[in-house]
Every structure is written in C-alpha cells, then in structure tokens.
Amino acid sequence: MNEHAGHEELARRVREAKVRLGGNCLILTHHYQRPEIVALGDARGDSLGLSRLAASSGARHIVFCGVRFMAESAAVLARGGQTVHHPDPFSGCPMSDMADVEDVERAASELDDACGAGAWLPVTYVNSSAEVKALTGRMGGACCTSSNAEKIVRWALGGGKKVLFLPDENLGANTGARLGVDPREIVRWDYSLPSGGNDPDALRSARVILWKGYCHVHTLFTAAQVDDVRARFTGARVIVHPECSPEVVTRAGESGSTEFMVRYVESAPPGSTVVVGTELNFVRRLAAEHPDRRVVELARSMCPNMFKITLAKLLATLEGLPDANLVTVPEDVRRDARDALDRMLALS
Ligand code: 13P
Ligand code: SF4
C-alpha cells in the first residue's frame with residue numbers, strides 16, 4: 001500500500017475493503033476520532049455505547065478505532081471466535097497508564113490493613129488496563145464510564161462500602177459531588193506514597209478515595225476560560241467533560257460524556273451558541289454537523305493518541321484481516337476483567 005496516497009484514494013479503498021468483508025466486519029469509532037475515520041465507521045459513540053455494541057455484535061471481526069483500552073475492552077467482551085483489531089497498537093491513553101496494576105495491588109493491601117478487607121470496593125473507570133479491570137473484577141468491584149459513574153458509585157456506596165475510584169481523580173471528585181458526598185469524606189490517593197499519603201484515621205473515615213490520575217486533554221481547561229467565553233458569547237451554554245476539574249465543571253454548569261454532548265448540541269435551539277470543553281476533533285465535527293448552531297471549543301485541546309488512527313492504518317488493518325493488529329488478552333485476565341465490565345453493563 002502507498003502510505004502517501006491521498007485521503008480520497010485511501011477512503012475509496014477502505015470502502016472497497018468494507019464491501020469485500022460485508023457483514024463479517026464491524027468498524028467502531030469513538031467520537032474523538034478524526035472526521036474521515038468517523039465517516040467510514042459503521043457506528044460511532046462514547047465508551048459506554050461502544051462497549052455495548054462490542055458486547056452485542058455478531059460480526060466476526062471488530063475493528064476498533066479508539067485508544068488501546070477501548071479495543072482491549074471490546075476483546076474482553078468478544079464472543080468465542082470473534083476477533084478485535086486496533087489499527088495502531090501505540091494509540092494508548094496516558095491516564096490509563098497512571099494506574100499501574102502493581103500500584104493498585106499495593107493500594108488494595110494497604111486499604112485492607114487500614115480499613116479491613118471487605119470495607120471498600122474499587123470502581124474502575126474503563127480508561128484502565130485489562131489487568132486493572134481484572135483486579136477490580138476479582139475484588140467484587142465494577143467498571144464505569146463517564147456516562148454511568150454516578151450509578152456505579154451509588155451502587156458501591158449503597159452497599160455500605162467505601163469506594164476506591166481510579167484512575168481519574170476529577171471524574172471521581174465530580175461524581176462524589178453529584179452524589180452529595182461530604183467533601184470531608186473524600187481523600188486523595190497519591191500512588192507514589194505509602195498509604196497513598198494518608199494517615200489510617202483519614203482512610204477509616206473516608207467514603208471516597210480518589211486515585212491521583214488525570215487526563216492532560218481535559219486538565220488544560222480552566223475556570224478563567226469559562227468566564228472568558230461567557231464574556232465573549234452572551235447567553236452561551238457551556239458544557240464540559242467530567243474529566244475536567246470540579247472548578248471547571250461547576251463554572252460550566254453542564255457536564256457529561258461525549259454522547260451526552262452530542263445530544264446536548266442536537267437539542268440546543270438553532271441559532272444558539274454552545275461552548276464545548278473537550279477534545280478538539282470532536283468539537284469541530286459537532287460544529288460541522290450543526291451549521292445552524294454556533295458550536296465553539298472552550299480551548300484547543302487535542303488527544304494525540306486518538307489522532308494516531310489514520311486512514312492508512314485503518315486500510316492496512318482491513319486488508320490484513322484476520323491477523324492484522326489483533327488485540328489479545330490472556331484468558332485469566334479476560335475472565336476477571338469481564339466480571340467487572342459485566343457488572344457495569346448490568347448496572348447501567
Ligand atoms: P467518553 O466515555 O465520554 O466517550 O470519554 C472517553 C474518554 O476517553 C474521554 O477522554
Ligand atoms: Fe485518554 Fe484523555 Fe485521550 Fe480520553 S482524551 S483517551 S482520557 S488521553
């Protein structure tokens with residue numbers, strides 16, 4: 001294949017490959033993908049929607065255009081005989097790398113020592129490795145996404161357990177706030193320190209323990225930017241992703257997953273201005289798809305990992321099926337990670 005072929009030529013060849021593969025192949029695209037990738041997908045969505053599609057699809061091959069943890073989750077949920085392919089194995093998620101399985105194991109044993117085994121449950125954002133999901137499953141915890149975090153944390157707290165929320169501190173803090181958890185009962189777990197930097201009494205009285213992970217794409221947004229867009233666009237609505245800091249979420253007034261943002265813009269009255277605080281490619285696509293509304297980015301912030309999936313890599317994957325860019329998860333990890341994902345799907 002000519003790596004330097006133009007977009008139109010590559011897109012034409014992707015369409016031809018799709019026709020050849022027929023119903024044997026399903027291309028899933030996350031909302032943050034490049035517009036030319038989203039245009040060629042069979043379905044687009046947020047992490048939760050795509051997990052559901054992966055879990056229910058009968059296609060022989062799922063080609064996942066998103067970051068590594070998303071393709072891995074699809075592989076965990078795949079049926080026997082189904083294969084999952086990720087067009088660029090180096091398209092990872094730095095936030096997911098912030099929860100190393102050995103650090104999480106150490107945290108689990110320190111929390112057991114401080115609070116007693118059975119006093120707490122892990123709630124693990126899907127932006128995590130299959131190994132961390134598997135540990136979550138073994139401990140009776142559940143995964144969550146940005147669209148169901150409230151439900152899952154409510155479930156865990158409702159059972160009288162403390163929650164270790166990982167790896168995204170901001171999503172955990174924003175979810176705790178929505179659920180009305182007293183801020184004095186929320187502590188932060190710094191994985192580089194013994195006991196996460198907490199004394200045992202603080203851990204015993206905490207209800208929510210937040211892992212110190214973050215997404216650089218979303219921590220770039222500031223409350224001052226929200227004030228600035230409100231001054232520039234009178235009457236603008238502002239919506240941000242819950243990976244933004246609690247200060248930004250509070251100042252914006254509205255927050256939700258990428259799918260929630262799609263529906264939010266769709267239901268905004270024509271002529272209105274919606275300022276969106278999340279990944280740039282997604283916001284630009286929303287703007288292009290809704291020319292009768294003014295859709296503006298809160299600031300320019302791109303996910304370089306989502307951007308790694310290109311037409312050339314998608315084409316190489318389709319032409320190389322069934323072997324190209326295969327995602328595999330060891331069977332014992334798959335089984336336990338599946339428990340954590342199934343618990344999430346059942347609760348949401
Ligand atoms: P969504 O679940 O909203 O699609 O978000 C995934 C993500 O990685 C956001 O940074
Ligand atoms: Fe990970 Fe942030 Fe990119 Fe989402 S936007 S995939 S959390 S780096």
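Our subject is the structure that appears above.
Model, not experiment: these values are computed from the prediction.

### Overview of the site of ligand 2
Right, on to step 1. Near ligand 2, the surroundings consist of Tyr32, Val67, Cys93, Pro94, Met95, Asn127, Cys215, His216, Val217, Glu243 and Cys303.
Right, on to step 2. Breaking the shell around ligand 2 down by element, the ones donating at least two residues are helix H5 (94–97) and helix H11 (216–219).
Right, on to step 3. Residues that form the shell around ligand 2 fall into these classes: eight nonpolar, two polar and one charged.

### A word on the sheet that holds strand E11 (residues 253–255)
Right, on to step 1. Read from one edge to the other, the open sheet built from four strands follows the order E11-E10-E12-E13, with strand pairing classed as parallel. Every interior strand has two partners, whereas the edge strands, E11 and strand E13 (294–297), have only one. Taking the axes of each pair of neighbouring strands and ignoring which way they run, one obtains an average angle of 30° across the sheet.
Right, on to step 2. The pairing of strand E10 (residues 237–240) with E11 spans three bridges and is classified as parallel. Paired with Val240 across the bridge in E11 is Ser255.
Right, on to step 3. Running at roughly 170° to E13, helix H15 (residues 280–289) makes contact with strand E12 (273–277) and E13 of the sheet.

### Description of the pattern of salt bridges
Right, on to step 1. Tallied over the entire structure, the rule returns 26 salt bridges.
Right, on to step 2. Here Arg251 makes a salt bridge to Asp227, at a shortest N to O gap of 2.6 Å. Of this pair, Arg251 sits in helix H13 (residues 246–252) while Asp227 sits in helix H12 (residues 223–232), placing them 24 residues apart in sequence.
Right, on to step 3. Note on Asp227: relative accessible area 36%, which makes it partly exposed.
Right, on to step 4. Between Arg338 and Asp342 there is a salt bridge whose closest N-O contact spans 3.2 Å. In this pair, Arg338 and Asp342 are both assigned in helix H17 (residues 331–347), four residues apart and thus about one turn of the helix distant.
Right, on to step 5. Sharing partners across several salt bridges, the network here consists of Glu9, Arg12 and Glu16.

### Quick word on the environment of Ala206
Right, on to step 1. Looking at the element boundaries, Ala206 is found in the loop between helix H10 (200–205) and strand E9 (208–211).
Right, on to step 2. In this structure, the C-alpha to C-alpha distance between Ala206 and Val240, residues 34 residues apart in sequence, is 28 Å.

The rules behind these values
- Sequence order sets the numbering: in each chain, residues are counted from 1 along the sequence as written.
- Think of it this way: whatever chain is written first is A, whatever ligand is written first is 1, and the rest follow in order.
- With the structure being a predicted model, the display of local features is reserved for residues of pLDDT at least 70 and the display and counting of side-chain atom pairs for 80 or more, all residues being used for whole-chain, interface and lining totals.
- Note: side-chain values were computed over all heavy atoms of the structure, leaving out hydrogens and water.
- Nearness is judged by heavy atoms alone; a residue qualifies as near a molecule or strand once a single heavy atom is within 4 Å of it.
- Working definition: helices are DSSP H or I runs of at least four residues, strands are E runs of at least two. Numbering for both runs from the N terminus.
- Under the grouping applied here, Gly and all other residues not named as nonpolar or charged are polar, the nonpolar ones being Ala, Val, Leu, Ile, Met, Phe, Trp, Tyr, Cys and Pro and the charged ones Asp, Glu, Lys and Arg.
- Only strands joined by at least two bridges in the DSSP assignment are considered to pair.
- To define axes, lines are fitted to C-alpha atoms, for helices over the stretch in contact only, and angles between the resulting N-to-C directions are given on a 0 to 180 degree scale.
- Every residue pair with non-hydrogen atoms within 4.5 Å of one another is taken to be in contact.
- Salt bridge, as applied in this entry: a Lys or Arg side-chain nitrogen positioned within 4 Å of an Asp or Glu carboxyl oxygen.
- For each residue, the accessible area found with a 1.4 Å probe, counting protein chains only, is set against the maximum for its type, and the residue is called buried under 20%, exposed over 50%, and partly exposed in between.

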